[in-house]
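Chain and residue survey
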Amino acid sequence: DADGIIQWANRAELELTGYRRDEYVGRHIADVHADAATIADILARLARGEALQDYPARLRRKDGSLRHVVISSNARWTNGAFSHTRCVTRDVTDQRRADEAMTRLAAIVDSTDDAVIGKTLDGMITSWNLAAERLYGYSAAEAIGQPITLIVPPERRDELADIMARLRRGERIAHHETERVRRDGRRVEVSLSISPIRDATGTIIGASKIARDITERRAAEQRRQAFLEMLAHDLRSPLTAVRGYAQLMQRRQAFNQRATEAIIAEASRMGRLVADVLEMARLDAARLELRRAEVDLVALARRCAEQSSLLAHHEREVRVDAPDESIIGAWDADRLAQVVTNLIDNALKYAPDGPIVVRLERQPNQACLAVSDQGPGIAPAEQERIFERFGRAAEATASGMGLGLYISRALVDAHGGRLWVDSLPGHGSTFSLALPYALPGDAADAPSLDAKVDRQT
Ligand code: ADP
């Protein structure tokens, strides 16, 4: 009535609210509403003569549980006076829950990195998530309604027929590795998992397909394979040489100076190779720790230059161009020697002719070291790639694993420094390294090394 007192209710309303008729009739309608503001608004609208259509509200049942409902209602007026309202209440709780579950599922599907695609048994695309847009380059609007052959390369159409046949038999296809075509025509390697979708009666009505881009994984596998082959190859040639020289001395039953030197040189090469592999494993596991101590970069560079030129196949001069005084910093001497040796060895390896110069300079906040050669240089497009793991220039003229610069840069980074290359193809390369004297955060001007590091050199 006009005061909100319930006058009459049918069985459905009683079932919905959980009250007996005698408990329900005579109660104020606000008692069964969970939200006071909502029922106040409903009553105010009805009093103003408005009709409500599917007005959303929440009822509190007798047992305390909540139901989501929509209410359609209008008021009856007698002789211009509000007499009573009629109220049709529909329970939409299950539908709401289903909608919420749908929304949540849709959000999951949309936020996954895997492409999730729905299709009918005739191969028509019915759904297409965001990752599918990214992977294949078609928007959902472009893809939905199209045949799945949109993304299947022509030579793989037979495979598709086979997949559809298996789905119709209710089979699930797990981790099927294959190739698809993107909108721009590029191929992409994917791993597919496809499952039949059944309706409520169990009839197969379509399929859901999850596609994961495995291009990167495949490339990593190939790189790993290539790395192992190269490692085996690079270890075998010095080993063969060592064995050859040793056998030579054995046959002659005599000490041979040249053979001994060659054995030492080859063993050093192998040692460096193994050290690189170890260092890479440490870098990958983020277990690199610097052992900083007071180091003179000038002396270190001279030692590296001398050793590398001695060990080079055809002894070549490596000139060190340095100021007279020393350049001291708190660095990891072994690691720095590894970096400098790598740069000099690369110059010896890739620049067969011309002088090699190691230039050192003392700057206010950092020490600089540059290794220049007059070799073939490095194309601009390759200049960043060569610092990547296994990164080698397309025209690399000597064998190698592509690890040296990757490790060197990581070691220089760990020192808070920078390593880069300047090169003009045809005019040689200069690899430069800038090293702050001490750890960032230390007193900027005069690093008091003695307090921080144990003296080793
Ligand atoms: P590796 O020498 O084992 O290939 P690096 O990481 O030391 O590995 O070098 C990566 C690549 O950089 C080399 O394969 C080569 O293509 C290029 N590179 C390095 N140093 C030079 C140089 N001085 N001149 C020309 N190319 C170079």
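Whatever comes next refers back to the structure up there.
Residues numbered from 1 in each chain as written. Predicted model: local features only at pLDDT ≥ 70, side-chain atom pairs only at ≥ 80, totals over all residues. Heavy atoms only, no water.

Regarding the overall build of the chain
Counting its regular elements, the chain contains 13 helices and 15 strands. Taken against the 2.2 N^0.38 rule, which gives 23 Å for 457 residues, the C-alpha radius of gyration of the chain at 39 Å runs more than 25% over that of a compact globule. In terms of principal-axis extent, the alpha carbons of the chain reach across some 125 × 65 × 40 Å. Within the chain, residue pairs in contact and separated by at least 24 positions form 54% of the contacts whose partners lie at least 6 positions apart. Entry remark: accessible area of the chain is about 25,800 Å², with carbon and sulfur atoms responsible for 51%. (Helix = DSSP H or I, 4+ residues; strand = E, 2+ residues; numbered from the N terminus. Rg over C-alpha atoms; globule rule 2.2 N^0.38 Å. Contact = heavy atoms within 4.5 Å. Areas by Shrake-Rupley, 256 points an atom, 1.4 Å probe, with all protein chains shown as cover.)

What about the pattern of salt bridges?
Here the structure, examined in full by the defined rule, presents 36 salt bridges. Ionic pairing is found between R45 and E50, a salt bridge with its closest N-O pair at 2.9 Å. A relative accessible area of 26% means that R45 is categorised as partly exposed. We note a salt bridge from R269 to E266, for which the minimum N-O separation is 3.3 Å. Here E266 and R269 lie together in helix 9 (residues 257-284), a separation of three residues that amounts to about one turn. On the basis of relative accessible area, R269 is assigned to the partly exposed category, the value being 35%. By sharing partners, the salt bridges in this structure join E177, E189, R217, R218 and E221 into a single network. (Salt bridge = Lys/Arg side-chain N within 4 Å of Asp/Glu carboxyl O. Buried < 20%, exposed > 50% of the residue type's maximum accessible area, 1.4 Å probe, protein only.)

Thoughts on the sheet that holds strand 5 (residues 125-128)
Strand order in the open sheet formed by five strands is 5-4-8-7-6, with antiparallel pairing between adjacent strands. Among the strands making up the open sheet, the edge pair consists of strand 5 and strand 6 (173-181). Strand-to-strand, the axes of this sheet are offset by a mean angle of 30 degrees, without reference to chain direction. Across the face of the sheet, helix 7 (residues 157-168) comes into contact with strand 4 (115-120), strand 6, strand 7 (187-198) and strand 8 (204-213) while running at roughly 150 degrees to strand 6. (Pairing = 2+ DSSP bridges. Axes fitted to C-alpha atoms, helices over the stretch in contact; angles between N-to-C directions.)

A closer look at the layout of surface pockets
The calculated volume of the second largest pocket comes to roughly 730 Å³. Elements represented by at least two residues in the lining of the second largest pocket include exactly helix 1 (11-17), helix 3 (36-47), strand 1 (52-60), strand 2 (66-78) and strand 3 (81-91). Top contributing element to the lining of the second largest pocket by residue count: strand 3, with eight residues. Of the residues belonging to the lining of the second largest pocket, the class tally is 17 nonpolar, ten polar and five charged. (1 Å grid on protein atoms, 1.4 Å probe; cavity = no way out; pocket = protein on both sides within 12 Å on 5 of 7 lines; lining within 4 Å. Points joined across faces, edges and corners; volume = space filled by probe spheres on them. Nonpolar A, V, L, I, M, F, W, Y, C, P; charged D, E, K, R; others polar.)

Details of the nonpolar core
The biggest cluster of nonpolar side chains holds 50 residues, and the ones touching the most others in it are L297, W331, I344, V358, L360 and L369. Considering each element in turn, this core owes the most residues, seven residues, to helix 11 (residues 333-350). Counting residues in hydrophobic clusters, the runner-up holds 24 residues, among them Y136, I151, L160 and A207. (Core = buried A, V, L, I, M, F, W, Y, C linked by side-chain atoms within 4.5 Å.)

A few points about the site of the ligand
The immediate surroundings of the ligand are formed by 21 residues, with N346, Y350, D373, R392 and L405 found nearest. Residue D373 places a side-chain N or O atom 2.8 Å away from a nitrogen atom belonging to the ligand. In this structure, an oxygen atom belonging to the ligand sits 3.2 Å away from a main-chain N or O atom of G404. Burial of the ligand by the surrounding chains reaches 96%, relative to a free accessible area of 530 Å². Looking at the shell around the ligand, the elements with two or more residues in it are helix 11, helix 12 (404-414) and strand 15 (429-436). The leading source of residues in the shell around the ligand is helix 11, at five residues. (Near = heavy atom within 4 Å. Polar contact = N/O pair within 3.5 Å; in protein donor to acceptor, adjacent residues only side chain to side chain.)

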